[in-house]
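Geometric and topological summary
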Amino acid sequence: MDRDDRDDPFGDFFEEIERMMNEMANGNPGSEDAGFGSATHVDAYTTDDGVRLIADLPAVSKEELSLQCDGEALTISAASDRREYDETVELPVPVDEHSADATFNNGVLEVAFDRDDDSASIDLE
């Protein structure tokens, strides 16, 4: 059945939604950033004694992962046959990067840090 799209007030709206959904699923056409960005969810939050970061990294193996931390941000890098991924996540508070404890299971990366207690108190005179 043929349909006359001129009578459909939502035709352009639905086409735009479909275009945006395709971009999110496939990465931006023509963009160099076709990494895992659209398929990755990264959460960083504070706990009572530290910081915890959880990242969903589909289609990545443990051997492909590389983590770097400078105490204020964590950089997650991975290279697989299908994609390359490189993201720097600002941590909510300064951390002791040497206290990192990381696990990777079924595409989920979990990293825990102790807070950096390297702050100095100032005596008032």
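Remember, predicted model here, so these are calculated numbers, not experimental data.

**Quick notes on the overall build of the chain**
- In terms of regular secondary structure, the chain is built from one helix and seven strands.
- Seen in sequence order, the chain has helices and strands lined up from the N terminus as α-β-β-β-β-β-β-β.
- The long-range share in the chain, meaning contacts at least 24 apart out of those at least 6 apart in sequence, stands at 43%.
- Here the chain displays about 9,500 Å² of accessible surface, and carbon together with sulfur accounts for 45% of that area.

**Considering unusual backbone geometry**
- Of note in this structure, Asn-106 is not a glycine but carries a positive phi near 50 degrees.
- Structurally, Asn-106 can be placed in the loop between β6 (95-105) and β7 (108-115).

**Regarding a negative patch on the surface**
- A cluster of acidic residues, Asp-48, Asp-49, Asp-114, Asp-116 and Asp-117, forms a negative patch on the protein surface.
- Following the sequence through the fold, Asp-49 ends up in the loop between β1 (42-46) and β2 (50-56).
- Given a relative accessible area of 58%, Asp-49 falls into the exposed group.

**Brief notes about the pairing of β2**
- Here β1 runs beside β2; their pairing, made up of five bridges, is antiparallel. If you follow Val-42 over to β2, its bridge partner there is Ala-55.
- What sits between the antiparallel neighbours β1 and β2 is a turn of three residues.

**Looking at the sheet that holds β6**
- Spatial ordering of the open sheet is given by β1-β2-β7-β6, a layout of four strands whose pairing is antiparallel. Of all strands in the sheet, those with a lone pairing partner are β1 and β6, marking the two edges. The mean inter-strand angle of the sheet, taken between neighbouring strand axes irrespective of direction, is 15 degrees.
- The pairing of β6 with β7 spans seven bridges and is classified as antiparallel.

**Notes on the pattern of salt bridges**
- Tallied over the entire structure, the rule returns one salt bridge.
- A salt bridge links Glu-110 to Arg-52; its shortest N-O distance comes to 2.8 Å. One end of the pair, Glu-110, is in strand β7; the other, Arg-52, is in strand β2, and 58 residues separate them in sequence.

Reading guide: rules and limits
Residues numbered from 1 in each chain as written. Predicted model: local features only at pLDDT ≥ 70, side-chain atom pairs only at ≥ 80, totals over all residues. Heavy atoms only, no water. Helix = DSSP H or I, 4+ residues; strand = E, 2+ residues; numbered from the N terminus. Contact = heavy atoms within 4.5 Å. Areas by Shrake-Rupley, 256 points an atom, 1.4 Å probe, with all protein chains shown as cover. Patch = residues over 30% accessible without salt bridge, like charges linked within 9 Å, V, L, I, M, F, W, Y side chains within 5 Å. Salt bridge = Lys/Arg side-chain N within 4 Å of Asp/Glu carboxyl O. Lys, Arg positive; Asp, Glu negative; His and termini not counted. Charge placed at Lys NZ, Arg CZ, Asp CG, Glu CD. Buried < 20%, exposed > 50% of the residue type's maximum accessible area, 1.4 Å probe, protein only. Pairing = 2+ DSSP bridges. Axes fitted to C-alpha atoms, helices over the stretch in contact; angles between N-to-C directions.

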